Protein chains: 4
Amino acid sequence: MSEQEWLKEIFEQGKKDQKVSEKQIKIIEAAVEIFSEKGYAAASTSEIAKKAGVAEGTIFRHYRTKKDLLYSIITPTLLKIVFPVVAKTFIKQVLVKHEDLSFDEIIRKMLFNRYNFVKNNTPLLKIILQEIAFHDEMKMQFQEAFMDHAYNKLIEVVEYYQAKGEIIDIPTKSVIRMVVTTIFGFLIMRFIIVPESEWNDEEEIELTIQFIMNGLSKK
Amino acid sequence: MSEQEWLKEIFEQGKKDQKVSEKQIKIIEAAVEIFSEKGYAAASTSEIAKKAGVAEGTIFRHYRTKKDLLYSIITPTLLKIVFPVVAKTFIKQVLVKHEDLSFDEIIRKMLFNRYNFVKNNTPLLKIILQEIAFHDEMKMQFQEAFMDHAYNKLIEVVEYYQAKGEIIDIPTKSVIRMVVTTIFGFLIMRFIIVPESEWNDEEEIELTIQFIMNGLSKK
Amino acid sequence: MSEQEWLKEIFEQGKKDQKVSEKQIKIIEAAVEIFSEKGYAAASTSEIAKKAGVAEGTIFRHYRTKKDLLYSIITPTLLKIVFPVVAKTFIKQVLVKHEDLSFDEIIRKMLFNRYNFVKNNTPLLKIILQEIAFHDEMKMQFQEAFMDHAYNKLIEVVEYYQAKGEIIDIPTKSVIRMVVTTIFGFLIMRFIIVPESEWNDEEEIELTIQFIMNGLSKK
Amino acid sequence: MSEQEWLKEIFEQGKKDQKVSEKQIKIIEAAVEIFSEKGYAAASTSEIAKKAGVAEGTIFRHYRTKKDLLYSIITPTLLKIVFPVVAKTFIKQVLVKHEDLSFDEIIRKMLFNRYNFVKNNTPLLKIILQEIAFHDEMKMQFQEAFMDHAYNKLIEVVEYYQAKGEIIDIPTKSVIRMVVTTIFGFLIMRFIIVPESEWNDEEEIELTIQFIMNGLSKK
DNA sequence: AATGAATGAGTATTCATTCAT
DNA sequence: CATGAATGAATACTCATTCAT
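Residues numbered from 1 in each chain as written. Chains lettered and ligands numbered in written order. Predicted model: local features only at pLDDT ≥ 70, side-chain atom pairs only at ≥ 80, totals over all residues.

A count of helical and extended segments in chain A gives eleven helices and zero strands. Taken from the N to the C terminus, the helices and strands of chain A come in the order α-α-α-α-α-α-α-α-α-α-α. Residue pairs in contact within chain A that sit at least 24 positions apart in sequence constitute 64% of those at least 6 positions apart. (Helix = DSSP H or I, 4+ residues; strand = E, 2+ residues; numbered from the N terminus. Contact = placed C-beta atoms within 7 Å.)

In the vicinity of DNA strand E there are 32 residues, among which Thr65(A), Ala55(B), Gly57(B), Thr65(C) and Gly57(D) approach most closely. Of all the secondary-structure elements, those providing two or more residues to the surface near DNA strand E are helix H3 (45-52) and helix H4 (56-62) of chain A, helix H4 (56-62) of chain B, helix H3 (45-52) and helix H4 (56-62) of chain C together with helix H4 (56-62) of chain D. Taken together, the residues that form the surface near DNA strand E break down as six nonpolar, 16 polar and ten charged. (Near = placed C-beta within 6 Å. Nonpolar A, V, L, I, M, F, W, Y, C, P; charged D, E, K, R; others polar.)

Below, the discussion takes up the environment of Ser36(D). All names here are of chain D. Position of serine 36 relative to the elements: it lies in helix H2 (residues 22-38). Spatially, the C-alpha atoms of serine 36 and leucine 129 are 9.7 Å apart, while their sequence positions differ by 93 residues. When neighbours within four sequence positions are excluded, serine 36 is seen to be in contact with Pro123, Lys126 and Ile127.

Now for the relation of the copies chain D and chain C. For the pair chain D and chain C, the best superposition has an RMSD of 0.2 Å and corresponds to a rotation of 179° with a translation of 0.0 Å parallel to the axis. The symmetry that links the two subunits is that of a two-fold axis. Closest approach to the rotation axis within chain D is made by the C-alpha atom of Gly215(D), at a distance of 1.9 Å. Comparing interface residues between copies, 95% of those in chain D also sit at the interface in chain C, which points to an isologous, same-surface contact. (Least-squares fit on C-alpha atoms with pLDDT ≥ 70 in both.)

This part takes up the interface of chain D and chain C. Each side of the interface is counted separately: chain D has 22 residues, and chain C has 21 residues. Contributing elements (two or more residues each) for the side of chain D that touches chain C: helix H8 (122-131), helix H10 (172-193) and helix H11 (201-216) of chain D. The leading source of residues in the side of chain D that touches chain C is H10(D), at eight residues. For the side of chain D that touches chain C, the class distribution of residues is ten nonpolar, eight polar and four charged.

Every one of the 32 residues lining DNA strand F counts as a neighbour, but Gly57(A), Ala55(C), Gly57(C), Thr65(D) and Lys66(D) are closest to it. For the surface near DNA strand F, the secondary structure elements donating two or more residues are H4 of chain A, helix H3 (45-52) and H4 of chain B, H4 of chain C together with helix H3 (45-52) and H4 of chain D. When its residues are assigned to classes, the surface near DNA strand F shows six nonpolar, 16 polar and ten charged.

Before going further, it helps to spend a moment on the domain arrangement of chain A. All names here are of chain A. You can read the domains of chain A as domain 1 (3-63) and domain 2 (70-216). With twelve residues of domain 1 in contact, the opposing surface of domain 2 contributes ten residues. Of all the elements in the fold, those that place two or more residues in the side of domain 1 that touches domain 2 are helix H1 (3-12) and helix H2 (22-38). For the side of domain 1 that touches domain 2, the element with the highest residue contribution is H2, accounting for six residues. Taken together, the residues of the side of domain 1 that touches domain 2 break down into eight nonpolar, three polar and one charged. (Domains from an automatic or database assignment.)

Grouped together as the largest cluster of nonpolar side chains are 87 residues, with contacts concentrated most on Ala31(C), Ile48(C), Ala31(D), Ile48(D) and Ile73(D). The residues contacting Ile73(D), other than those within four sequence positions of it, are Ile28(D), Ala31(D), Val32(D), Leu124(D) and Ile127(D). Residues Phe35(A), Ile73(A), Ile74(A) and Phe186(A) belong to the second largest nonpolar core, which totals 85 residues. (Core = buried A, V, L, I, M, F, W, Y, C linked by C-beta atoms within 7 Å. Buried ≥ 20, exposed ≤ 12 C-beta atoms within 10 Å, placed from the backbone.)

Let us look at the interface of chain A and chain B. In this complex, chain A contributes 22 residues to the contact, which on the side of chain B involves 21 residues. Mapped onto the side of chain A that touches chain B, the elements with two or more residues apiece are helix H8 (122-131), helix H10 (172-193) and helix H11 (201-216) of chain A. Ranked by residue count, the leading element in the side of chain A that touches chain B is H10(A), at eight residues. The residue makeup of the side of chain A that touches chain B, split by class, is ten nonpolar, eight polar and four charged.

All names here are of chain B. Orientation of helix H2 (residues 22-38) relative to helix H8 (residues 122-131), taken along the N-to-C sense of each, is 50°, at an axis distance of 9 Å. Between H2 and H8, the crossing angle belongs to the class labelled oblique. Between H2 and H8 lies a crossing whose hand is left-handed. Seen from H2, the contacting residues are Val32, Glu33, Phe35 and Ser36; seen from H8, they are Pro123, Leu124, Lys126 and Ile127. Partitioned by chemical class, the residues of the contact of H2 with H8 number five nonpolar, one polar and two charged. (Axes fitted to C-alpha atoms, helices over the stretch in contact; angles between N-to-C directions. Parallel < 35°, antiparallel > 145°, perpendicular 65-115°, else oblique. Left-handed = near helix turned anticlockwise from the far one by under 90°.)

Right, dumping it as structure tokens:
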């Protein structure tokens, strides 16, 4: 799937009748690139227009304001960061169907899933990481998404494994904090802070899983 | 030590003859506050001047450009983030004097030290975290500082404990990555991402140390 | 006669073969409303299009420019302001047929006639009053219309009554100025400046006639 | 008194400590000229700046918005239109001191006073006449000023002369309407609508007074 | 040293108009 | 005929920076 098709898919979500035109894609591609390079505030609509190969007015035909453009880029992504569609699958596997996934299999699945997501969406992620600090509405959208779609389910999962005795009996939310910061700490280092360094991804992933498992398993 | 004196100390470093005037302190205080609230690009010098209680022109008498003002705030902090002055102390204790500090005592010291640092410098840290992504010069300054003052020493320390058999035999830099992301992951969550939530700091610190130790210790 | 039909009649004048379509009427209705509310310069064609329920481009299919749209609205009205069709009738009655209309009957007829005209065309009048100051072409059209169709005839009429001794012997054009400003002064107050106040129209009209008659009659 | 000094005097009113700078005067002069020529909406700040010989930014240093500039021009004039300072004088003469001014002397004074005012402030008046229709706040300011400073006093005066039997016994406010429209009708014709025509001002003023007096006096 | 008026390039946004469908 | 996406020039306004006082 080409990058164009990929972006198209993401941004057409939820407005399936409203076609996203060729030019709109170009605008979004340009905006993503420039926003992630210089930040929202320092990006100028004229530069975006030039890079997208459209007239400046064209941007405002599709997005009422510069902020609208930002949100149209970010909103559909916010949900996706928070937790994978796949999540549903293994939530079911674990909690409903009681299939015997061990905790490290869960961690491995999550890590791989997020690894791929971050790898494919690095610029979008950079934008969110940068801008979430300055746009309260965005922060709230994110928190809501996290609470509704991830946090509660993570708690169930962790408690399940704590009950089974696979992981240590410390406050559930501390467990979650540690898992989440370790995973995203790795991914942010890997793709955002020092992407230019050489990474042996397979090894680092395995080490990260091991680190989490040792950190949390009983004895 | 009042906050004014604290800032004075930080920003006088390295230019001990150049007095930092009352007004300059006011400007820096205002700049730190506004930069951390809205980001460098979205902050206006006129707003900073107003908050500092000086005329617009006065800022430019002390700092040639807006960017100079940013760097004058950030540069002296960059070093301090990277690693504690204290480091020298325990590097000596560990590597030179061969005092018998265990690895978890090291981790505990580091964590407490960084905890206090981040707690006392949250706004400065926020600025750096935000702006480092957009200013290459700043990124390089940081990397240099990290390499020169922290990384090599951390390697020595980690290798020392790996040799002693206290921690597992995985690539040294992976150990460092995991320690660093876990510690800063905690601190960033604690002070920047969800500072408004209630934190039982003592407990979380202990859990974090435990997590790192379990994650890295042999067996 | 519905308002639609009324507008249709006005704007079809002079181009009897060119049908005025349903959409064109809608456009004109919308334009009249918006021009009179916010003025020509502050009205946007896109707002007019939206209110008319047509596409933005449709306006420009019928009117080459925004200014064309303005003139197409105003030109047919300019003549009608200046003097009533009815005028021909009483010019004939007075000057040609020498029927014995007294001067106050003339004034009364004019006043009633203009009263009805202004009442039925307030928004159009507002537009003209506003825009005539800024569009020289329009001003000239108006002056020409006034000179050709009203002024000369008014002079004849006034001189006729001066000769008959019904009105005082001051410069004819001063008489005209006073009659005209008194009548339009009343109508503009009544319909444009303070239309929201309660008006006893019959009484005010009679008083106005009386005022003019006393002001101009001999002794 | 040069025009510069005249404008200075008007616009410094009420903020006597705040000096009005040379540049500010230039800006106001340019704004008055351009607003009156093309109307507020069609006037561009860049054109005003160019005509004033200042940078565009300079306008906004003195007036936060274009609308502020408009109001700073208009507000001090609104009061002055409504009624002359002199008014106080003859109100006293007539109502308090019972000096024996006849009604036509009152009318003559008013007319001369307003004649001079309009003559000296034609462009400002044009602006107000044009813009009052589109800016509700301005309309309200004007109505308030009129009600507070003119209307009630005019009623007293007119009732005084009606009681004395000098003018006819029709509703007081109709008298006022007729006087006001006749006077301003004349002045607007004279200075705004056809200023280019040759006017014998003395004669027209006398005729206008005569017209009003005949129109209103008993028999 | 400090001020703050002045600058002018730059910003997001609007709008009349064009044109391919 | 009608549409509405696209244009690009123009708009009000902001801002870092300069400089005379």
